[in-house]
Amino acid sequence: MAAAFLPATSLRLTPFSTLRFLSFFSISNPSPHSLYTPLRRPLYQVSPANARRRCFCTATSHSPSSGDGKNNHEHRLGSKVGEFRKKLRIAEVKGGADEGLSRVGQSLSVTGWVRTLRSQSSVTFIEINDGSCLSNLQCVINPDAEGYDQVEAGSILTGASVSVQGIIVASQGSKQKVELKVHKIILVGKCDSSYPIQKKRVSREFLRTKAHLRPRTNTFGAVARVRNTLAYATHKFFQESGFVWVASPIITASDCEGAGEQFCVTTLIPSSHETTNTSIDAIPKTKAGLVDWSQDFFGKPAFLTVSGQLNGETYATALSDIYTFGPTFRAENSNTSRHLAEFWMIEPELAFADLDDNMACATAYLQYVVKYVLDNCKEDMEFFDTWIEKGIIHRLSDVVEKEFLQLSYTDAIELLLKANKKFEFPVKWGLDLQSEHERYITEEAFGGRPVIIRDYPKEIKAFYMRENNDGKTVAAMDMLVPRIGELIGGSQREERLEVLETRLDELKLDKESYWWYLDLRRYGLWLSSSRRIWARV
């Protein structure tokens, strides 16, 4: 029920001034807990037959200032916003080389979610987690603690959110160095007994059906923290290297990959708020029976971006070194772990740089972020090494410590042809390398070392890659790493206008759609190099 509040006096307030408000509300069947139930008998009462009532209420405004009211205009209405205070996280309590022993004797308050609860005759142990780290904080609660009655009543279950206050003490157990001796526990949010994320392990297939709850599991929590660290390290690396971050468009009319596997964005069919039972006849058509794109939102076909690199080039011509970092979309109908409909991609653009500069930057970036994760996500990485993929820490350490090698595509094909191994996919010059070929090169031929393959046949690469002097290959590179294959792809851009136009004609691409891209070659010729880093964590 809406209520209208009308001021009975002027809104010009002075210290301790009074406002009177006349309110109208229905009290036909008032609840004893209703927000609109009068606190006193109305000053004006009409016939009981009338279901609506009127009453006056008063409010007093108090100014924090004293004196004669001069220069107090800013205090007449409202009050100051409080100072933001960073919450104490469990990662801070248990962090450090001593795992929290330096905090013994400190009084503190922590909030989080109950992971486990076990009661004994005279004490209850509750482990809570706030998402800041993998490990839980063990809380020891005696019957004399304030709020213990909620524990006895069974109100606090796994999944409930709580606030605990107490003193850090050395733990008597072997699983942790410190624990919290609780003086007060507050149940912030109850959790129903049907909560599906319990202490026992569940399959990832089951978690797919509980996607809204799976971030609370160890695996998905660790993935989120590592991904966060990778994103932070990415920005840190490029910012410290003098790059400028650029936000590239998500909706675009161009397909920079030339594959045509894009998601279409259109208003010609029903939105999510409308019925899906729409006849094909409802889609506007031209006299020739084709879709009339002129009636669409943009007046022509539009798609979700597959890459922001071409847009990034426009900024590289003005800002020199830039990078984009955002979502990209691919409509490849392939149900494998290497094909995602949506993922984030990092795409740096280097002005006045060639392919050698590109490879050097890619190597420096990868080693930087991998080392940053190993140094700052030790607990999560140890969890992955134990439960998800054994040996992952060792392999990542090799990426940081070992030198990267480079070889041409032609040399890679010769190496594969001479390999004493039968591959599922054919090996032939002019064909793209498959995952099994890439993994053989890194894992077997070069003993677990990252390898960069360069100078690919132009027929299997995009139009914007610079053609080499042999007329058959382009200045493109793919960085291969063990157990994955291609992780980073890049190329030197074709800066020669006439060569670029010829390449567009060869691929039967509409030059009118790339008029702006050709303009970049007309106005201020420069060398440019770009790469794509797949952020598919």
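What you see is a predicted model, and the numbers here were worked out from it, not measured in a lab.

S.K.: How do you make sense of the sheet that holds strand 10 (residues 251-252) when you look at a structure like this?
M.R.: Neighbouring strands of a sheet are bound in pairs by backbone hydrogen bonds; such pairs are parallel or else antiparallel. Here we have three strands laid out as an open sheet, ordered 10-12-11, and antiparallel in their pairing. On the outer flanks of this sheet lie strand 10 and strand 11 (264-265), each paired with one strand and no other. As judged from the two bridges shared by strand 11 and strand 12 (residues 302-304), these two strands associate in the antiparallel manner. By the bridge assignment for strand 12, Cys264 is matched with Phe303.

S.K.: Explanation requested: the pairing of strand 16 (residues 451-457) in the structure shown.
M.R.: Within a regular strand, side chains alternate between the sheet's two faces. For strand 16, the buried fraction is high: seven of the seven residues fall into the buried class. Sheet analysis places strand 15 (residues 405-408) next to strand 16, joined by four bridges and oriented parallel. Paired with Leu407 across the bridge in strand 16 is Ile453. Sheet topology note: the strand 16/strand 17 (residues 473-481) ladder contains six bridges and is antiparallel. Looking at the pairing, Ile453 lines up with Asp478 of strand 17.

S.K.: Help me understand the packing of aromatic side chains, please; the structure alone is not making it clear to me.
M.R.: The geometry of an aromatic ring pair is captured by two quantities: the separation of the ring centres and the angle between the planes. Counted according to the given criterion, the structure contains 18 aromatic pairs. For the ring pair Phe463 and Tyr517, a centre distance of 5.9 Å and an interplane angle of 75° mean the geometry is edge-to-face. With a gap of 54 residues between them, Phe463 in the loop between strand 16 and strand 17 and Tyr517 in helix 12 (residues 515-522) connect regions that are remote in the sequence. Summarising the burial analysis for this pair, Phe463 and Tyr517 share the class buried. Seen from their ring centres, Trp516 and Tyr517 are 5.7 Å apart, and the 80° between their planes marks the pair as edge-to-face. Through successive ring pairs, a cluster of aromatic residues spans Tyr232, Phe237, Phe238, Phe243, Tyr323, Tyr365, Tyr368 and Tyr372. Sitting over the face of the ring of Tyr456, Lys461 holds its NZ or CZ atom 4.3 Å from the ring centroid. Over the aromatic face of Trp429 sits the side chain of Lys472, whose NZ or CZ is 5.6 Å from the ring centroid.

S.K.: Honestly, the confidence of the model for the protein in this entry has me stumped. Any pointers?
M.R.: Interpreting fine coordinate detail is not advised for predicted regions of low pLDDT. Confidence in the prediction for the protein averages 85 pLDDT; 82% of positions are at 70 or higher. In this model, residues 1-66 is a region of pLDDT below 50 whose contacts with residues beyond four sequence positions or in other chains number 81 contacts.

S.K.: So what exactly am I meant to see when it comes to the sheet that holds strand 4 (residues 107-119) here?
M.R.: The strand order 4-5-6-8-7 describes a closed barrel built from five strands, whose pairing is mixed. On average, each strand axis in the sheet is tilted by 55° relative to the strand beside it, whichever way the strands run. Direction of pairing for strand 6 (residues 137-146) relative to strand 8 (residues 178-189): parallel, over a ladder of four bridges. Residue Val140 lies in a different strand from strand 8, and its bridge partner there is Lys181.

S.K.: How should the nonpolar core be read in this particular structure?
M.R.: Note on soluble globular proteins: their nonpolar side chains tend to be buried together. With 29 residues, the main nonpolar core has Ile128, Ile156, Val162, Val164, Leu180 and Ile185 as its most contacted residues. Looking at this core, the elements with two or more residues in it are helix 1 (90-94), strand 4, strand 5 (124-129), strand 6, helix 2 (148-152), strand 7 (161-170) and strand 8. Top element by residues in this core is strand 8. It accounts for five residues.

S.K.: In this structure, what is going on with the side chain of Ser171? I would like to understand it.
M.R.: Along the chain, Ser171 turns up in the loop between strand 7 and strand 8. The class of Ser171 is buried, set by a relative accessible area of 14%. A polar side-chain atom of Ser171 sits 3.1 Å from the main-chain amide nitrogen of Gly173. Here Glu179 takes part through its side chain, which lies 3.1 Å from a polar atom of the side chain of Ser171. Once residues lying within four places of it in the same chain are set aside, the contact partners of Ser171 are Gln138, Gln176, Lys177, Val178 and Glu179.

S.K.: What's the story with the pattern of salt bridges in this structure? I'm lost.
M.R.: Opposite charge on two side chains permits pairing when their charged atoms draw close. A complete count under the given rule lists 23 salt bridges for this structure. The partner of Arg395 in a salt bridge is Glu389, with the nearest N and O atoms 2.4 Å apart. A relative accessible area of 29% means that Glu389 is categorised as partly exposed.

S.K.: Help me understand the packing of helix 4 (residues 218-240) against helix 6 (residues 355-376), please; the structure alone is not making it clear to me.
M.R.: Think of two packed helices as two axes; the pair is described by the angle between the axes and how far apart they sit. Remark: helix 4 packs on helix 6, axes separated minimally by 9 Å, with the N-to-C direction vectors making an angle of 135°. Put simply, helix 4 runs oblique to helix 6. Helix 6 is crossed by helix 4, and the crossing has right-handed handedness. Within the contact between the two elements, helix 4 uses Val226, Thr229, Leu230, Tyr232, Ala233, Thr234, Lys236, Phe237, Phe238 and Glu240 and helix 6 uses Cys361, Ala364, Tyr365, Tyr368, Val369, Tyr372, Val373 and Asn376. Across the contact of helix 4 with helix 6, the residue classes break down as 13 nonpolar, three polar and two charged.

S.K.: Would you explain the packing of helix 7 (residues 378-388) against helix 8 (residues 392-401) in this entry?
M.R.: Where helix 7 meets helix 8, the closest approach of the two axes is 8 Å, and the angle between their N-to-C directions is 120°. Classed by the angle they form, the pair helix 7 and helix 8 counts as oblique. Contacts between helix 7 and helix 8 involve Met381, Glu382, Phe384 and Asp385 from the first element and Ile392, Ile393 and Leu396 from the second. Split by residue class, the contact of helix 7 with helix 8 holds five nonpolar, no polar and two charged.

S.K.: Sorry, what's going on with the side chain of Thr217 here?
M.R.: The topology assignment puts Thr217 in the loop between helix 3 (204-208) and helix 4. At 2.7 Å, the side chain of Thr217 and the backbone oxygen of Arg214 are in polar contact. Not counting the four nearest positions on each side in its chain, Thr217 is found in contact with Ile197 and Leu207.

Definitions and limits used
- Residues numbered from 1 in each chain as written.
- Predicted model: local features only at pLDDT ≥ 70, side-chain atom pairs only at ≥ 80, totals over all residues.
- Heavy atoms only, no water.
- Pairing = 2+ DSSP bridges.
- Helix = DSSP H or I, 4+ residues; strand = E, 2+ residues; numbered from the N terminus.
- Buried < 20%, exposed > 50% of the residue type's maximum accessible area, 1.4 Å probe, protein only.
- Phe/Tyr/Trp six-rings, centres within 6.5 Å; stacked < 30°, edge-to-face > 60°.
- Lys NZ or Arg CZ within 6 Å of the ring centre and 35° of its normal.
- pLDDT = per-residue confidence, 0-100.
- Contact = heavy atoms within 4.5 Å.
- Axes fitted to C-alpha atoms, helices over the stretch in contact; angles between N-to-C directions.
- Core = buried A, V, L, I, M, F, W, Y, C linked by side-chain atoms within 4.5 Å.
- Polar contact = N/O pair within 3.5 Å; in protein donor to acceptor, adjacent residues only side chain to side chain.
- Salt bridge = Lys/Arg side-chain N within 4 Å of Asp/Glu carboxyl O.
- Parallel < 35°, antiparallel > 145°, perpendicular 65-115°, else oblique.
- Left-handed = near helix turned anticlockwise from the far one by under 90°.
- Nonpolar A, V, L, I, M, F, W, Y, C, P; charged D, E, K, R; others polar.

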